[in-house]
Amino acid sequence: MIPDVKPNSVLYLDNVSVSFDGFKALNSLSIVIEPGELRAIIGPNGAGKTTMMDIITGKTRPDTGQVFFNGQTDLTKLDEADIAQLGIGRKFQKPTVFESHTVWDNIELALNRRRGVFSTLFYRLSSEDRSRIDEILSTVRLTHRRDDLAANLSHGQKQWLEIGMLLAQEPKLLLVDEPVAGMTDAETAETAILLKEIAKTRSVVVVEHDMGFIRDLGVKVTCLAEGSVLAEGSIDFVSSDPKVIENYLGR
Ligand SMILES: Nc1ncnc2c1ncn2[C@@H]1O[C@H](COP(=O)(O)OP(=O)(O)OP(=O)(O)O)[C@@H](O)[C@H]1O
Ligand SMILES: [Mg+2]
């Protein structure tokens, strides 16, 4: 029996705790993400932000608590491959694009990955696929670089390309960990616009330390500290919270 599940949520973490060698990385963490929501997660180093993503994607199992996707599926019972298959995509901090392939080919490879090996063997790119790739390239601002090798992109463009590769898999929920670290100011500003566009058709959870970027997003912010929610609300509300100032912003 599924307890008190938030039926309309895309993601519902209910009282999730996990310890590593006696250290509580997550401590009764509860978070609800609505369909189509873009949520920003902030908080000091070691607060448990990445661990939360590890729990959602099945990389780490919680000691206690439950994680519901679309108000029903308990993700803590599934493995990483099943969870990806359900439509949860994750972007790690370091870009992992295929450097020796073109930008276009990277997206095409990601599109094929979704289909599985068997269908790929006999597969020819349809005009529908081509227009989907064009659409993704335009979303991630890389149309003009489509024939260039990924190796020749800037760091920020590689991050966008990887986001594009995730989009090819049509995730319903996209988790993005520190996307703007190492980006130029212009790339950072563009990334805020880009993520807002992406969140029009899916839910996105983005972890960042760059407060200018968080402010640009203009969405609900959750501040984690010591594995729990410290404050949640608008950026003005959260950033004026004395606990948030003491634990994070004022450092
Ligand atoms: N697999 C693991 N094994 C042992 N300890 C871990 C593991 N994963 C996370 N931790 C610990 O859990 C705590 C939370 O780490 P986490 O990476 O989630 O923090 P974070 O909020 O993402 O921090 P940052 O802003 O630095 O990325 C840290 O003390 C970390 O060392
Ligand atoms: Mg982290």
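It should be noted that the structure appears before, not after, this text.
Residues numbered from 1 in each chain as written. Chains lettered and ligands numbered in written order. Predicted model: local features only at pLDDT ≥ 70, side-chain atom pairs only at ≥ 80, totals over all residues. Heavy atoms only, no water.

A look at the overall build of the protein chain
The cut-off we apply is this: Counting from the N terminus, the helices are the DSSP runs of H or I reaching at least four residues and the strands are the DSSP runs of E reaching at least two. Note on method: radius of gyration uses C-alpha positions; expected globular size equals 2.2 Å times residues raised to 0.38. Every residue pair with non-hydrogen atoms within 4.5 Å of one another is taken to be in contact. Exposure was quantified through the Shrake-Rupley algorithm and a 1.4 Å probe, taking into account, for residues, occlusion by the shown protein chains and nothing else.
In terms of regular secondary structure, the protein chain is built from ten helices and ten strands. Radius of gyration (C-alpha) of the protein chain: 18 Å, near the 18 Å computed for a compact globule of 251 residues. Considered along the principal axes of its C-alpha atoms, the protein chain spans approximately 50 × 45 × 35 Å. Put simply, 67% of the contacts in the protein chain that link residues at least 6 apart link residues at least 24 apart. Only carbon and sulfur atoms are counted for the fraction: they give 51% of the accessible area of the protein chain, which is about 11800 Å².

Remarks on the sheet that holds strand E9 (residues 221-225)
Basically, it comes down to this: Here, strands pair whenever DSSP counts at least two bridges between them. Axis geometry follows a simple rule: fit a line to the C-alpha atoms, using only the stretch in contact for helices, then measure angles between N-to-C directions, giving values from 0 to 180 degrees.
Across the sheet, six strands lie side by side as E6-E7-E8-E3-E9-E10; this open sheet has mixed pairing. For this open sheet the edge positions go to strand E6 (88-91) and strand E10 (228-233), each flanked by a neighbour on one side alone. Going across the sheet, the axis of each strand differs from the next one's by a mean of 20°, ignoring polarity. By the bridge criterion, four bridges tie E6 to strand E7 (residues 173-177) in an arrangement that is parallel. Opposite arginine 90, over in E7, you have leucine 175 as the bridge partner. Helix H6 (residues 155-167) contacts E6 and E7 of the sheet and is inclined by roughly 170° relative to E6.

Focus on the sheet that holds strand E4 (residues 64-69)
If you walk across this open sheet you meet the four strands as E2-E1-E4-E5, and the pairing is antiparallel. Edge strands, defined here as strands with exactly one partner in the open sheet, are strand E2 (23-33) and strand E5 (73-74). In this structure, strand E1 (residues 11-20) lies alongside E2, joined through seven bridges in antiparallel fashion. Bridging from a neighbouring strand, valine 16 pairs with leucine 29 of E2. Against the sheet, helix H1 (residues 49-56) engages E1, E2 and E4, with an angle of about 115° to E1.

Some thoughts on the nonpolar core
This is how the line gets drawn: To define a nonpolar core, start from buried Ala, Val, Leu, Ile, Met, Phe, Trp, Tyr and Cys residues and group those joined through side-chain atoms within 4.5 Å. Only protein chains enter the accessibility calculation, which uses a 1.4 Å probe; a residue whose area is less than 20% of its type maximum is buried, one above 50% is exposed, and one in between is partly exposed.
Ranked by size, the top nonpolar core spans 48 residues in total, and within it Ile107, Leu142, Leu161, Ile198, Val204, Phe213 and Leu217 carry the most contacts. Here this core gets six residues from one element, more than from any other, and that element is H6. Apart from residues no more than four positions distant in its own chain, phenylalanine 213 is found in contact with Pro179, Val180, Thr188, Thr191, Ala192, Leu195, Val206 and Glu208. By size, the runner-up hydrophobic cluster in this structure holds 27 residues, among which are Leu11, Ile41, Ala47 and Met53.

Some thoughts on the packing of H6 against helix H7 (residues 185-198)
Formally: For classification purposes, angles smaller than 35 degrees are called roughly parallel, those larger than 145 roughly antiparallel, those between 65 and 115 roughly perpendicular, and all remaining angles oblique. Polar here means any residue other than Ala, Val, Leu, Ile, Met, Phe, Trp, Tyr, Cys and Pro, which are nonpolar, and Asp, Glu, Lys and Arg, which are charged; Gly is therefore polar.
Here H6 crosses H7 at 10°, and the two axes come no closer than 11 Å. The angle between H6 and H7 falls in the class roughly parallel. Touching Gly156, Gln157, Trp160, Ile163 and Leu167 of H6 are Glu187, Glu190, Thr191, Leu194, Leu195 and Ile198, all from H7. Each residue belonging to the contact of H6 with H7 can be placed in one class, and the counts come to six nonpolar, three polar and two charged.

Examining the site of ligand 1
As a reminder of what qualifies: Near is defined per residue: the residue qualifies when any heavy atom it owns lies within 4 Å of the molecule or strand. Polar contact criterion, stated in full: a pair of N or O atoms within 3.5 Å, where within protein one must be able to donate a hydrogen and the other to accept it, and residues adjacent in sequence count only if both atoms are side-chain atoms.
Near ligand 1 lie 13 residues; those nearest to it are Asn45, Lys49, Thr50, Thr51 and His209. Separating an oxygen atom of ligand 1 from a side-chain N or O atom of histidine 209 is a distance of 2.8 Å. Within the complex, 62% of the 640 Å² of free accessible area of ligand 1 lies under protein. Sorting the residues of the shell around ligand 1 by element identifies E2 and H1 as the ones contributing at least two each. Among the elements that line the shell around ligand 1, the one with the most residues is H1, at three residues. A class-by-class count of the residues in the shell around ligand 1 yields five nonpolar, six polar and two charged.

As for the pattern of salt bridges
What counts, and what does not: Salt bridges are defined by distance alone: a side-chain nitrogen of Lys or Arg within 4 Å of a carboxyl oxygen of Asp or Glu.
Under the counting rule described, the total for this entry stands at 16 salt bridges. One salt bridge connects arginine 90 with aspartate 54, and the closest N-O pair in it is separated by 2.8 Å. Residue arginine 90 is located in strand E6, and its partner aspartate 54 is located in helix H1; the two are separated by 36 residues in the primary sequence. Across this residue pair, the class does not change: arginine 90 and aspartate 54 are buried. Aspartate 134 is the salt-bridge partner of arginine 146, the closest N and O atoms lying 3.3 Å from each other. On the criterion of sequence distance, the pair formed by arginine 146 in the loop between helix H5 (127-139) and H6 and aspartate 134 in helix H5 is long-range, its members being twelve residues apart. One continuous salt-bridge network, built from bridges that share partners, spans Glu37, Arg39, Lys220 and Glu232.

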